[in-house]
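As a plain string of letters, each chain reads:
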Amino acid sequence: MRLVVARCQVDYAGRLTAHLPMASRVLMIKADGSVLVHSDGGSYKPLNWMSPPCTVREGVSEDGVVEWTVTGKDGDTLRILLEEIEHDSSHELGIDPGLQKDGVEKHLQELLAEHPATLAEGLTLVRREYPTAIGPVDLMCRDSAGLSVAVEIKRRGEIDGVEQLTRYLELLNREPLLTTKGPVRGIFAAQLIKPQARVLAEDRGITCAVVDYDGLRGMDDSEHRLF
């Protein structure tokens, strides 16, 4: 990973345009090929970014300012002018072991692996912890039409979980063996899904599934239900 702290200006051109005026920011070039632009506050999310794979070309602008041109897979670009560089370093982080799930989340994964059809009719399990370059997908399944389905499981479904599944789907849809009958689709499964996360998921074509944990465990007593 390369980390650069610099006073910079960022211009994005693609499906839309966006401009970040000159200010001090953190620039990250990650080993997976992504480029992220962060500020010092406001959110953990980057101000702008380019998803992998992308290429970074370094040069000098007509005004003599260091310039990065980041080009994405669809031809969209980030043009970053670095007026003043305060820090520039590279770090080898090695292979990440992945997120360690808590007991409930891990048990949810086990239960849904045994009963994938509770998420969608006709769904069958192909593999748990299906590997990708940025970490394992909780469940890789196949639907009744033979299409591959990636399932991400959370206790609480929030926007960062949708973003995580989106990144997985970008990578999985580059695998020919998974896309012979069509693109890999996603299911975002959780005990509770926040409204904002649901809106983002549905906008990206991801299905949301609310999971009844007690029901899966066989502890849901129908005699004591109101409905």
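Residues numbered from 1 in each chain as written. Predicted model: local features only at pLDDT ≥ 70, side-chain atom pairs only at ≥ 80, totals over all residues. Heavy atoms only, no water.

Tallying secondary structure elements over the chain gives four helices and twelve strands in all. With the C-alpha coordinates aligned to their principal axes, the bounding extent of the chain is approximately 75 × 40 × 35 Å. Taking all 227 residues of the chain together, 40% fall into the buried category. For the chain, restricting intrachain contacts to residue pairs at least 6 apart in sequence, the fraction spanning at least 24 positions comes to 49%. A total of about 13,300 Å² of accessible surface is found on the chain, and carbon and sulfur atoms cover 52% of it. When the 26 positive and 36 negative side-chain charges of the chain are each reduced to one mean point, those points stand 2 Å apart. (Helix = DSSP H or I, 4+ residues; strand = E, 2+ residues; numbered from the N terminus. Buried < 20%, exposed > 50% of the residue type's maximum accessible area, 1.4 Å probe, protein only. Contact = heavy atoms within 4.5 Å. Areas by Shrake-Rupley, 256 points an atom, 1.4 Å probe, with all protein chains shown as cover. Lys, Arg positive; Asp, Glu negative; His and termini not counted. Charge placed at Lys NZ, Arg CZ, Asp CG, Glu CD.)

The tally for this structure, following the rule as stated, stands at eleven salt bridges. The partner of R156 in a salt bridge is E158, and the shortest N-O contact between them spans 3.8 Å. You can call R156 partly exposed: its relative accessible area is 45%. Residue classification places E158 among the partly exposed positions, given a relative accessible area of 33%. (Salt bridge = Lys/Arg side-chain N within 4 Å of Asp/Glu carboxyl O.)

A few words now on unusual backbone geometry. Residue P53 follows P52 across a cis peptide bond; omega there is -5°. Summarising the element assignment, P53 is placed in the loop between β4 (48-50) and β5 (54-60). Phi is positive for E129, close to 50°, though the residue is something other than glycine. Here E129 shows up in strand β8 (residues 124-130).

Grouped together as the largest cluster of nonpolar side chains are 19 residues, with contacts concentrated most on A150, V162, L172 and I206. Counting only elements with at least two residues in this core, the list comes to β9 (137-142), α2 (159-172), β11 (185-193) and α3 (195-203). For this core, the element with the most residues is α2, which contributes five residues. Here L172 is in contact with Y130, T132, V137, M140, A150, L178, T179 and V184, once residues within four sequence places are set aside. L119, A209, Y213 and L216 belong to the second-largest nonpolar core, a separate cluster that totals 18 residues. (Core = buried A, V, L, I, M, F, W, Y, C linked by side-chain atoms within 4.5 Å.)

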